[in-house]
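Read off the chains here:
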Amino acid sequence: MNRPLLTVACLLGIAPVFAQDGGDPARDPAKTEVWTPVPAVVATPPGRAPSDAIVLFDGKDLSRWESEQGGPVPWTVADGALTVVPGSKGIRTRQHFCDVQLHVEWRTPTATTGFDGQHRGNSGIFLQEVYELQVLDSYNNPTYANGQAGSMYKQAIPLVNASRAPGEWQAYDIIWKAPRFSAGGGLTSPARITVLHNGVLVQDDTVLAGKTEYIGAPSYAPHACAPLYLQEHDARVSYRNIWVREL
Ligand code: MG
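These numbers come from a predicted model, not from an experiment.

Draft legend 1. Seen up close, the environment of glycine 185. Checked against the element boundaries, glycine 185 lands in the loop between strand 10 (180-181) and strand 11 (187-189). Expressed as a C-alpha distance, the spacing of glycine 185 and histidine 223, which sit 38 residues apart in the sequence, is 8.4 Å.

Spelled out as C-alpha cells, the structure:
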C-alpha cells in the first residue's frame, strides 16, 4: 500500500493488516482469533463470593450444613463467624461435591499458652469427607511438616509456611480434582489439589496417594461425590466466607 493510500485507510479506520506482509493472507492475524464460545460473565464483587458460586456460609445461615452425625450443626455462630465447639462433632455440607474451587477463611484462637504442636488451633477441611487439608496455628508452632497448616495431612508438606498470627483471619483458595474410579472400583485417576494460603501457593497440583490416615499409609477406596467436611479437633477455630464453585 503506498503512503497516500495508507493515510486514507488509517483516516477511514481501516486497519492496513497486510501492509507489512506483502498482502499474504496466511499472515492475516484474524485467522488465529477465536470468538466462540464466549465465556460466561461472572461478577466478582470485592470481598464477596463470585456470582456463580454456591455460598456455603455467609456469616449467618447454616442451612447448607449438618452435624457429621446428622442433625443440626453443634457449633456457634456469632459476629459473622462459625466457631467450633470443642467436644462436639465435625460438620459437613448437605450437598455432595466432586471437582470444586473452594474458598474458606479461618482463624485460630489467640489463647495459645499450654497448646503446642497439633494441639494449637487444629481443625481441617476435608475434601469429599476423607482428604484433609490441615488447618492449624502454624505461626511459631513447630510440628511435623506434613501436619502443619497448608499440608495435605501426612501426605504433602506445604511449599512454604504462609501462616498469619493466631487471631488473624486467613484464607485458603483450593482447586480440587476428585479421584476417578472404574466401574469395578479400581483407581483410574488420583485426586489432585492446588492450594493458595493467604494468596501464596502451598500445594501445586499435588497428587494424593489416598484418603487421609492418622496412622499408616494412605490408600484409595472407591467413592462418589461427597460432602465437604470441617473438623472438630478440640480447638475453637472459626470459619467465615465459605463458598464453592463446581467445576
Ligand atoms: Mg486437623
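Draft legend 2. Expanded view of the coordination of the magnesium ion. Every protein donor of the magnesium ion is listed here as Asn122 (OD1), Ser123 (O), Glu132 (OE), Gln134 (OE1) and Gln231 (OE1), and their distances to the metal cover 2.2 to 2.3 Å. We note that the donor set of the magnesium ion lies within a single chain, spaced as N-S-x8-E-x1-Q-x96-Q. A single burial state applies to asparagine 122 and to serine 123, both of which are buried.

Draft legend 3. Structural context of the side chain of threonine 212. Among the structural elements, threonine 212 can be located in the loop between strand 13 (200-207) and strand 14 (229-230). Relative accessible area serves as the criterion here: at 18%, threonine 212 is assigned to the buried category. Only 2.7 Å separates the side chain of threonine 212 from the backbone nitrogen of glutamate 132, close enough to count as a polar contact. In this structure, threonine 212 is in contact with Val130, Tyr131, Glu132, Tyr153 and Gln155, ignoring residues within four places of it in sequence.

Draft legend 4. Up close: the state of the cysteines. Using the criterion set out here, one finds one disulfide in the structure. Each sulfur of the disulfide joining cysteine 98 and cysteine 225 lies 1.7 Å from the other. Here the disulfide of cysteine 98 and cysteine 225 is left-handed, its torsion about the S-S bond being about -100°. Residue cysteine 98 is found in the loop between strand 5 (91-93) and strand 6 (100-107), and its partner cysteine 225 is found in the loop between strand 13 and strand 14; the two are separated by 127 residues along the sequence. Classification of cysteine 225 by relative accessible area gives partly exposed; the value is 35%.

Draft legend 5. Main features of the nonpolar core. Grouped together as the largest cluster of nonpolar side chains are 41 residues, with contacts concentrated most on Leu56, Leu102, Tyr172, Trp176, Tyr239 and Ile242. Listing elements by their share of this core, those giving two or more residues are strand 1 (54-57), strand 6, strand 7 (123-127), strand 8 (131-135), strand 9 (170-177), strand 12 (192-197) and strand 15 (238-246). Among the elements that make up this core, the one with the highest residue count is strand 6 (four residues).

Draft legend 6. Region of interest: the side chain of threonine 206. One can find threonine 206 in strand 13. At 2.7 Å, the side chain of threonine 206 forms a polar contact with the side chain of glutamine 203.

Draft legend 7. A look at the packing of aromatic side chains. Tallying each qualifying case throughout the model produces seven aromatic pairs. Measuring from centroid to centroid gives 6.4 Å for tryptophan 75 and tyrosine 239, while their planes differ by 15°, and the two rings are stacked. Of this pair, tryptophan 75 sits in the loop between strand 2 (65-67) and strand 3 (76-78) while tyrosine 239 sits in strand 15, and the two are 164 residues apart along the sequence. Tyrosine 239 shares its class with tryptophan 75; the two are buried. Between the aromatic rings of phenylalanine 181 and tyrosine 220, the centroid separation amounts to 6.1 Å while the plane-to-plane angle is 70°, which identifies the pairing as edge-to-face. You can see phenylalanine 181 sitting in strand 10 and its partner tyrosine 220 sitting in the loop between strand 13 and strand 14, a full 39 residues away along the chain. For the pair phenylalanine 181 and tyrosine 220, a shared accessibility class is recorded, and that class is buried. The rings of Tyr131, Trp176, Phe181 and Tyr220 are connected pair by pair, giving a single aromatic cluster.

Draft legend 8. Summary view of the pairing of strand 8. With respect to burial, strand 8 is a largely interior element, five of its five residues being buried. Inspection of the sheet shows strand 7 paired to strand 8 by five bridges, in the antiparallel sense. Along strand 8, the bridge assignment pairs serine 123 with valine 135. Here strand 7 folds back onto strand 8 in antiparallel fashion, the turn holding three residues, of which glutamine 128 has a positive phi close to 50°.

About the thresholds
- Residues numbered from 1 in each chain as written.
- Predicted model: local features only at pLDDT ≥ 70, side-chain atom pairs only at ≥ 80, totals over all residues.
- Heavy atoms only, no water.
- Helix = DSSP H or I, 4+ residues; strand = E, 2+ residues; numbered from the N terminus.
- Donors = N, O, S within 2.8 Å, 3.2 Å for Na, K, Ca; no water.
- Buried < 20%, exposed > 50% of the residue type's maximum accessible area, 1.4 Å probe, protein only.
- Polar contact = N/O pair within 3.5 Å; in protein donor to acceptor, adjacent residues only side chain to side chain.
- Contact = heavy atoms within 4.5 Å.
- Disulfide = S-S within 2.5 Å.
- Core = buried A, V, L, I, M, F, W, Y, C linked by side-chain atoms within 4.5 Å.
- Phe/Tyr/Trp six-rings, centres within 6.5 Å; stacked < 30°, edge-to-face > 60°.
- Pairing = 2+ DSSP bridges.

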